[in-house]
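# Topology and contacts: notes
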Amino acid sequence: MAIYVTSDLHGLELKKLKVLLKKVKFNADDWLYILGDVVDGQNDGGVEILVWLLEQYNVQLILGNHEAMLLANEFVFNEITEDSIKNIDAEKLEFLNMYLSNGGDVTLKNLKILKASDNETFSSVFEYLKDCPVYETVSAGGNDFLLCHSGIDNFEKTKKLSQYSADDFIWAWPEITDEYYDDICKFINFDIMYANDIRINFIYNLLTLQLLISKLPTSTLPRTSAIASAQRFSLSC
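No experiment lies behind these values; they were computed from the predicted model shown.

### With respect to the pattern of salt bridges
Taken as a whole, this structure holds two salt bridges when the rule is applied. Put simply, lysine 130 and glutamate 74 hold a salt bridge, and the shortest N to O gap is 3.1 Å. Of this pair, lysine 130 sits in helix α7 (residues 119–131) while glutamate 74 sits in the loop between α3 (65–72) and α4 (82–86), and the two are 56 residues apart along the sequence.

### A look at the pairing of strand β4 (residues 135–140)
Here β4 runs beside strand β5 (residues 143–148); their pairing, made up of six bridges, is antiparallel. The residue bridging valine 138 from the neighbouring strand is phenylalanine 145, located in β5. Linking β4 back to β5 in an antiparallel pair, the connection comprises two residues, with glycine 141 at a positive phi of about 60°.

### Description of the packing of aromatic side chains
The geometry of an aromatic ring pair comes down to the distance between the two centres and the angle between the two planes. According to the stated counting rule, one finds eight aromatic pairs in the structure shown. With 5.0 Å between their ring centres and 70° between their planes, phenylalanine 77 and phenylalanine 122 make a pair best called edge-to-face. Residue phenylalanine 77 is located in the loop between α3 and α4, and its partner phenylalanine 122 is located in helix α7; the two are separated by 45 residues in the primary sequence. The exposure classification of phenylalanine 77 matches that of phenylalanine 122, with both residues buried. Among the aromatic side chains, those forming a connected cluster through ring pairs are Tyr135, Phe155, Tyr164 and Phe169.

Analysis parameters
Residues numbered from 1 in each chain as written. Predicted model: local features only at pLDDT ≥ 70, side-chain atom pairs only at ≥ 80, totals over all residues. Heavy atoms only, no water. Salt bridge = Lys/Arg side-chain N within 4 Å of Asp/Glu carboxyl O. Helix = DSSP H or I, 4+ residues; strand = E, 2+ residues; numbered from the N terminus. Pairing = 2+ DSSP bridges. Phe/Tyr/Trp six-rings, centres within 6.5 Å; stacked < 30°, edge-to-face > 60°. Buried < 20%, exposed > 50% of the residue type's maximum accessible area, 1.4 Å probe, protein only.

Right, dumping it as C-alpha cells:
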C-alpha cells in the first residue's frame with residue numbers, strides 16, 4: 001500500500017487528476033490525501049472532483065481555506081424569501097465578496113447548475129465538505145506525518161492538536177523556515193510551485209518521499225497564496 005499527497009487543485013479537470021494517479025499506478029489498496037483547495041479558479045471550479053470524491057473510499061479531502069470560504073457562502077443557494085433576504089447581513093456580503101475575488105465565481109456557477117440538475121448530489125457535496133477533517137495523521141515508511149492545508153497557526157509545542165481551532169490549520173501563513181516539531185520530516189510549500197504562468201501539479205509519495213510533477217497552463221487560475229504542509233511529528237504529542 002502506498003500513501004500519496006496532493007493539494008491545491010483549484011478547478012483542475014478530473015481527467016487530468018486521473019492522469020496523475022495513473023502515472024503512479026494508484027490502485028484500490030493505496031490512499032490519496034488532498035490537502036485542501038480543490039475548488040475555485042478555473043474550469044468548473046472543482047465541482048466534478050467534489051462529486052467524484054463522494055464515491056472514493058480511499059481518497060480523503062482535508063479542508064482548505066477555499067472550501068471554508070465556500071461553506072461560508074452556502075447561503076447563496078437558499079431560496080429567496082423575505083426572511084432569507086433579511087438574514088443577509090454585512091458580514092455575509094463581505095464573505096461573498098472575498099470569495100468571489102478569490103476565484104469562487106466559477107464554483108458557485110457550476111454548483112448552481114448541479115443543484116438544478118441533481119439536488120441530492122448537490123446536498124451531498126455540502127454534507128461531505130462539512131464532514132471533512134482539518135488534519136489527518138498517517139504513517140508511512142517508518143515516519144509519522146501530520147497532514148494539513150496551511151501549517152499550524154498559533155503554534156506551541158506544548159499544545160495538543162485538539163487545542164487548536166479549525167482556522168489554525170486552514171488560515172496559517174507559515175514561512176518556509178518555520179518549524180513545528182523537533183522531528184520534522186518534510187515541509188512542502190505549494191505556493192512556490194508557480195512560475196511564468198505555469199502551474200505545477202504534483203503527487204507526493206509519503207512512503208518513498210518521491211515527488212511526481214506535471215506542468216499545466218494556469219489559464220484563469222488566480223494567483224493564490226495557499227500553502228500546505230506534510231509535517232512529521234511524534235504521535236505522542
